[in-house]
Amino acid sequence: MTSIRVEEGFLLGPLEYRDALLLAFAANGAQVVFMDDGYYLVLQDKPGGSLLASAAVLNPGIILRRAGSNAYERVAENLPGEIEGLAPCPNPTCITNQPREKAARRFRVLVMEGRVAMQCVYCGTLIMRDDLRRMLAASLRVEADHS
Amino acid sequence: MLKGRDIISILDLSREELEELFSTARRMEGYRGRILEGWIVALAFFEPSTRTRLSFESAAKRLGASTIGFSSAESTSIAKGETLSDTVRMLDSYADIIVLRHRYEGAALLAANIARHPVINGGDGRQHHPTQAMIDLYTVERIKGSIDDLNYAVVGDLKHGRAASSFIYGLTMFKPGRIYLVSPPSLRARPEVIRVLRERGVRYTETQSLSEVIGDVDIVYMTRVQKERFRSLREYEEVKGSYKMTLELAENSGRDLIVLHPLPRVDEIDQRLDETRYAAYFQQAANGIPVRMALLSLIAGVEP
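For every chain, the first residue of the written sequence is number 1, and numbering continues from 1 onward in sequence order. For naming, the first written chain is A and the first written ligand is 1, with later ones following in the order written. Owing to the predicted nature of the model, reporting of local features is limited to residues with pLDDT of at least 70; listing and counting of side-chain atom pairs is limited to 80 or more, with chain, interface and lining totals taken over all residues.

Brief notes about the overall build of chain B
The criterion, for reference: A run of H or I in DSSP becomes a helix once it reaches four residues, and a run of E becomes a strand once it reaches two; helices and strands are each numbered from the N terminus. Buried residues are those with 20 or more other C-beta atoms within 10 Å of their own C-beta, exposed residues have 12 or fewer, and partly exposed residues lie in between; C-beta atoms are placed from the backbone. We call two residues in contact if the C-beta atoms placed from their backbones are at most 7 Å apart.
Secondary structure assignment for chain B yields twelve helices and nine strands. For chain B, the spread of C-alpha atoms along the principal axes amounts to about 55 × 40 × 40 Å. Across the 304 residues that make up chain B, the buried fraction comes to 49%. Put simply, of all contacts in chain B between residues at least 6 apart along the chain, 75% involve residues at least 24 apart.

Some details on helix H4 (residues 107–114) of chain B
Residues and elements named next belong to chain B. Within H4, six of the eight residues are buried, leaving the element largely enclosed by the surrounding structure. Of all the positions in H4, only Ala107, Ala108, Leu109, Leu110, Ala111 and Ala112 are classed as buried. Where H4 is buried, its residues meet helix H3 (84–94), strand S3 (97–102) and strand S4 (119–124).

Quick word on the interface of chain A and chain B
Keep this limit in mind: Side-chain classes are defined by residue name, with Ala, Val, Leu, Ile, Met, Phe, Trp, Tyr, Cys and Pro counting as nonpolar, Asp, Glu, Lys and Arg as charged, and the others, Gly among them, as polar.
Each partner contributes residues to the interface: chain A has 18 residues there, and chain B has 14 residues. A class-by-class count of the residues in the side of chain A that touches chain B yields eight nonpolar, seven polar and three charged.

Focus on the pairing of S3(B)
Residues and elements named next belong to chain B. Selection rule: Pairing between strands is defined by DSSP: at least two bridges between them are needed. Crossover handedness is defined by viewing with both strands directed away from the observer: a clockwise path from the first strand over the helix to the second marks the crossover as right-handed.
The buried fraction of S3 is high, at six of six residues. Neither face of S3 is exposed, since Ile97, Val99 and Arg101 on one face and Ile98, Leu100 and His102 on the opposite face are all buried. In this structure, strand S1 (residues 40–45) lies alongside S3, joined through five bridges in parallel fashion. For Ala42, the partnering residue across the bridge sits in S3 and is Ile98. Pairing between S3 and S4: four bridges, direction parallel. Residue pairing for S4: Leu100 is matched across the bridge by Asn121. Following the backbone out of S3, through H4 and into the adjacent parallel S4, one traces a crossover that is right-handed.

Comments concerning unusual backbone geometry
Residues and elements named next belong to chain B. Of the consecutive residues Leu263 and Pro264, the connecting peptide bond is found in the cis state with omega at 5°. Looking at the element boundaries, Pro264 is found in the loop between strand S9 (258–260) and helix H11 (281–286). The residue Asp149 is not glycine, and still its phi comes out positive at about 65°. Relative to the elements of secondary structure, Asp149 occurs in the loop between helix H5 (130–144) and strand S5 (151–155).

Details of the sheet that holds S5(B)
All names here are of chain B. Short version of the rule: Axes, fitted as lines to C-alpha atoms, cover a helix only where it is in contact. Angles between the N-to-C directions of the axes lie from 0 to 180 degrees.
A sheet is described by the order of its strands in space; here five strands give the open sequence S7-S6-S5-S8-S9, paired in parallel fashion. A single partner strand is all that each edge strand has here, and the edge strands are strand S7 (204–207) and S9. On average, each strand axis in the sheet is inclined to that of its neighbour by 20°, with strand direction left out of account. As paired strands, strand S6 (residues 178–182) and S7 are joined by four bridges and run parallel to one another. Within S7, the position partnered with Ile179 by the bridge is Tyr204. Lying over the sheet, helix H6 (residues 162–171) contacts S5, S6 and strand S8 (219–222), oriented at roughly 160° with respect to S5.

Digging into the nonpolar core
Residue and element names in this part refer to chain B. This is how the line gets drawn: Joined through C-beta atoms within 7 Å, a set of buried Ala, Val, Leu, Ile, Met, Phe, Trp, Tyr and Cys residues constitutes a nonpolar core.
Formed by 111 residues in total, the largest nonpolar core has its most connected members in Ile98, Ala111, Val154, Val220, Tyr221, Val259 and Leu296. With nine residues, helix H12 (residues 288–300) is the single largest residue contributor to this core. In contact with Val154, not counting residues within four places along its chain, are Ala164, Phe167, Ile168, Ile179, Leu181, Val182 and Tyr221.

Remarks on the domain arrangement of chain B
Residue and element names in this part refer to chain B. Worth spelling out the cut-off: Just so you know, the domain bounds were taken from an automatic or database domain assignment.
Splitting chain B by domain gives domain 1 (10–128 + 287–300) and domain 2 (131–285). For domain 1 and domain 2, the distance between their C-alpha centroids amounts to 25 Å. Each side of the interface is counted separately: domain 1 has 19 residues, and domain 2 has 19 residues. Among the secondary structure elements, those contributing two or more residues to the side of domain 1 that touches domain 2 are helix H1 (15–28), S4 and H12. It is H1 that contributes the most residues to the side of domain 1 that touches domain 2, five residues altogether. Partitioning the side of domain 1 that touches domain 2 into residue classes produces nine nonpolar, six polar and four charged.

Re the environment of B:Gly64
Along the chain, the position of B:Gly64 falls in the loop between helix H2 (51–62) and strand S2 (66–70). Along the primary structure B:Gly64 and B:Arg32 are separated by 32 residues, whereas in three dimensions their C-alpha atoms are 8.1 Å apart.

Put into C-alpha cells, the structure is as follows:
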C-alpha cells in the first residue's frame, strides 16, 4: 500500500470504513483520505494546519477527502452522542477490559474546550487529546508514521 | 421516583430525589417494621467490606427483608472461574434487589444491564460509591440544616478514592459555596470529576495544604492517603502531615466546622477529636442504616 506522508499528523491505515468514521468523530478535525483499497486516517495536529480549512477544525464533524481530489466533503455535521466498539478503554481496571466479561465498549462523545474527547460509559475515564490518539493508534495495531 | 431504579452513580439522582431520600431517612431513624417482608436483598460483595455490607444487611432486616450473599470473591464460584455476568444472572433469579461491590470500575453498570431487578452499586473500583455519598450528604444536612452555601474541603487521595469522588459528585447536586480539593499533586481529583464541577458551575480550588484553607471551611471530608500510592517513601513523608486533621487545626480554624470520614481511618484524624463537637464521623457511620433503609424502601416502592 502506498504510504502517505503528512505534515503535522500521522498516518493510520488501512481501516474499515466504519472505524475510519468513528476515528474521525473522535479526533476533532481529522480527515479521512479515501483510497481505492481502503481508508486512511490522517490525524491533524494543529488547528488551522495545512491540510484542513480552519473552519473544519473548529467545527467538529467528519470531513472526507477522496483520493485524487482536493475537495473536502462534509459527511456528518454533528457528533454522535455515543459510539460503540471503537477501541479498548485505556483504564486497565475497567470492566470492559476483563476478557471474560462481555461488556461492550461504549464511549460518550464530548466536546471539551473546543476539542473532542470521549468518556468510557462504564468506568467514566475521560480520554482527551493525546490519550485518545494513543488509544486509537494502539487499538488499530498499525504502523503510525509520525512526522 | 426511585421505584425499580438502578443506583450506579449519585449523578443518576436529581436533587429532588436526594431530598426525598433524606426525608424518608428521617422517618427511618429508629424505625422497625415489616414493610419489606418477603423481599430478598442479595449482598454480592466481591471485595472486602465491613460497614457497607453490614449496614445494608441491618437496613434490610429492619425493614423485614431477608438477605443472601457473600463477602469475598474467594468464597464464590468466581473463584472457580465464573464470570460476573453469570453470577449476576444467578443472583437476579434469587433476589429482588442486588447490592454489588466489585474491584473493577463499571461492574455495577454491567450488572444492571444484565439484571431485571434493581442493582445498587456498593462501590466499583475507584469510581463510584453512591450510597456512601448519600450518607455523607445526609449527615451534613442533619447537622448543619442544609448542604447549600457551605464551604467544603475534601482531603486526601482524590484520585483513587471512590468515596471522595462520589461526595464531590453529590455536592454538585446542591449549591456549595466552594469546594477545596486538598491533595498531593499526584493524587489530584480525576479529570472526569473536575469536568462535572466545571460543567455545573461549582466553585472549586485545588490545593495541597489543608492548613491554608481550614479557616474558610465548614465541612472537612477526610480520606486516607495510602502510602503505597506514592512513588517514593520520601514523597509520602513530605506530605503526610498535610493530610492529618488535628485538634489544634480544628480549634485554630475559628470555624464551627465538622469533620467527616467514610471510615475506616488509620491516622489521618487525631483521636483527640473523637469526643469533640468537631467529630461527625461516628454519626455519619450510624446514618448508614436509615439512609440505606430509605433507599431500599424507595426502590421497592414501599414506604413506612
